[in-house]
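Working through the structure, step by step
The chain contents come next:
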Amino acid sequence: MSLLSAARAALRVYAAGAAVIVAQLLRRCLGGFVEPVFPPQPERVAIVTGGTDGIGYATAKRLARLGMTVIIAGNNKVRAQEAVKKIKEETLNDKVEFLYCNLASMGSIQQFAQAFKKKKLPLHVLVNNAGVMMVPQRTMTVDGFEEHIGLNYLGHFLLTNLLLDALKDSGRPGCTARVVTVSSATHYVGELDLDDLHSSSSYSPHAAYAQSKLALVLFSYHLQALLDAQGCPVTANVVDPGVVNTDLYRHVFWGTRLVKKIFGWWFFKTPDEGAWTSVYAAVTPELEGVGGRYLYNEKETKSLEVTYDLKLQRQLWARSCSMTGVLDVTQEVFSR
Ligand SMILES: NC(=O)c1ccc[n+]([C@@H]2O[C@H](COP(=O)([O-])OP(=O)(O)OC[C@H]3O[C@@H](n4cnc5c(N)ncnc54)[C@H](OP(=O)(O)O)[C@@H]3O)[C@@H](O)[C@H]2O)c1
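Residues numbered from 1 in each chain as written. Predicted model: local features only at pLDDT ≥ 70, side-chain atom pairs only at ≥ 80, totals over all residues.

Short version of the rule: UniProt positions are given in the numbering used here, feature names are shortened, and annotations may be inferred rather than shown by experiment.
You'll find the chain entered in an unreviewed UniProt entry as Polyprenol dehydrogenase, with Rhinolophus ferrumequinum given as the organism. Here is the UniProt Pathway (unreviewed entry) comment for the chain, exactly as written: "Protein modification; protein glycosylation."

1. A few points about the overall build of the chain
What counts here: Secondary structure elements follow DSSP: runs of H or I of four or more residues count as helices, runs of E of two or more count as strands, with numbering from the N terminus. Radius of gyration: C-alpha atoms only; globule rule: 2.2 Å multiplied by the number of residues to the exponent 0.38. For the exposure call, what matters is how many other C-beta atoms sit within 10 Å of a residue's own: 20 or more marks it buried, 12 or fewer exposed, and in between partly exposed, using C-beta atoms placed from the backbone. By definition, residue pairs are in contact when their C-beta atoms, positioned from the backbone, come within 7 Å.
Of the regular secondary structure elements, the chain holds 10 helices and 8 strands. A globule of 336 residues ought to have a C-alpha radius of gyration of about 20 Å, and the chain, at 19 Å, matches this closely. Along the first, second and third principal axes, the C-alpha set of the chain runs to 50 × 50 × 35 Å. Counting across all 336 residues of the chain, residues that qualify as buried make up 50%. Counting contacts in the chain only where the partners sit at least 6 residues apart, residues at least 24 apart contribute 75% of the total.

2. Let's talk about the site of the ligand
Keep this limit in mind: We call a residue near a molecule or strand when the C-beta position, derived from backbone atoms, sits within 6 Å of it. Amino acids outside the nonpolar list (Ala, Val, Leu, Ile, Met, Phe, Trp, Tyr, Cys, Pro) and the charged list (Asp, Glu, Lys, Arg) are all regarded as polar, and Gly is one of them.
Around the ligand, the structure places 29 residues, and the nearest of them are Gly50, Gly54, Gly131, Ser184 and Thr246. In terms of residues, the shell around the ligand owes the most to one element, helix α2 (residues 54-65), which gives 3 residues. Tallied by class, the residues present in the shell around the ligand amount to 13 nonpolar, 13 polar and 3 charged.

3. A word on the nonpolar core
One recurring pattern in soluble globular proteins: nonpolar side chains tend to sit buried together. Going by this rule: Core membership is restricted to buried Ala, Val, Leu, Ile, Met, Phe, Trp, Tyr and Cys residues, and these are joined into a nonpolar core through C-beta atoms within 7 Å.
Counting 99 residues, the largest nonpolar core has Ala46, Val70 and Ile72 as its most contacted members. Of the residues forming this core, the biggest block, 14 residues, is contributed by helix α6 (residues 205-230). Non-local contacts of valine 70, meaning those with residues more than four positions away in its chain, are made with Ala46, Val48, Ala60, Leu63, Ala64, Lys95 and Val96.

4. Some remarks on unusual backbone geometry
Unusually for a residue other than glycine, lysine 120 sits at a positive phi of about 55°. By the element assignment, lysine 120 lies in the loop between α4 (106-118) and β4 (125-128). C-beta crowding within 10 Å serves as the criterion here: with 7 such atoms nearby, lysine 120 is assigned to the exposed category.

5. Here's the deal with helix α8 (residues 271-283)
Condition: What a helix should span is 1.5 Å times the count of its residues minus one. What the bend at a residue measures is the angle between two axes, fitted to the seven residues ending there and to the seven starting there.
End to end, α8 covers 18 Å across 13 residues, agreeing with the expected 18 Å (1.5 Å per residue, within 8%). Taken as a whole, α8 carries its principal kink of about 30° at threonine 277. With 12 of 13 residues buried, α8 is to be regarded as a mostly interior element. Among the residues of α8, those classed as buried are Pro271, Glu273, Gly274, Ala275, Trp276, Thr277, Ser278, Val279, Tyr280, Ala281, Ala282 and Val283. The inward-facing, buried residues of α8 abut β1 (45-49), α2, β4, β5 (177-182), β6 (234-240) and β7 (294-296).

Below, the structure written as structure tokens:
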């Protein structure tokens with residue numbers, strides 16, 4: 001990527017963020033965000049990736065407050081144990097636990113899936129939330145994937161596929177299991193380079209992050225198409241939390257960090273507000289049996305036009321299968 005295209009990618013990402021901030025500010029001035037209310041979910045089990053911090057922590061806490069069994073999938077044992085302790089204390093729900101999962105390692109994801117299955121628990125909700133953003137230097141995961149596409153996208157691609165049988169076994173018509181995947185408004189300015197998903201020819205932290213978030217939208221739509229074709233009682237939706245005051249911004253331009261520090265309380269959503277759409281997608285009766293949607297502020301909205309391109313969805317799915325060792329059943333399922 002030339003310097004010019006890297007600068008263009010950065011500008012586009014910042015412009016997407018700024019547009020969301022202006023909309024959030026307007027909404028705050030016009031009455032603010034109204035906390036949604038959801039029915040209790042005492043018999044249901046959820047996994048939340050990246051549930052140790054930020055939006056994931058708030059999501060895990062809200063699900064626990066609804067009475068769910070919540071498993072936090074995280075890669076930092078100390079922080080995860082603290083998160084579990086705090087959630088248990090604050091929600092008075094004892095059914096919260098931590099299971100180690102480093103999403104930047106396919107081996108760790110496989111071990112996580114095995115460890116979860118050993119528990120013989122059902123699985124009703126999988127929240128694919130963990131992520132990194134704008135890592136300044138091109139960094140590789142254990143398996144040699146560029147970190148944004150590897151962790152944010154391929155990690156969740158593999159995890160979801162390894163847990164699909166548990167989701168399918170736990171969903172029922174009228175009470176479907178749900179896959180909730182956290183994307184971002186940056187997907188609107190993302191470009192998918194199928195020939196160079198790992199940014200090996202040149203690297204822009206902004207383009208790499210936006211690409212990973214775009215891939216997650218394409219993934220969710222194709223997953224829903226497969227589930228529909230197989231008649232499975234599982235839905236897959238993708239959510240956009242807005243611009244949220246979390247540590248995700250640790251790598252952004254210092255000026256943005258300064259603005260966030262001073263005005264974050266006003267411009268940004270709180271982590272709890274940022275979690276509302278994820279929780280909505282996970283539990284609301286309004287979405288019973290409804291999948292393949294892009295949700296923002298607890299409402300369906302349109303994602304980038306290219307995300308509806310079925311050929312691109314299939315191509316990305318096939319490429320992801322070959323990179324993660326997942327069997328691609330697309331052709332078989334659609335030819336039935
Ligand atoms: N904040 C926003 O404005 C915003 C906007 C749009 C979308 N999002 C999306 O929302 C999601 C949550 O972001 P956030 O704002 O809550 O960020 P955050 O506060 O930085 O939380 C990210 C979470 O991901 C976990 N994580 C990072 N690397 C991991 C790994 N290798 N394995 C397992 N877990 C890992 C982190 O755990 P450790 O720190 O312990 O590694 C942490 O719990 C992300 O997907 C992000 O792209 C956020």
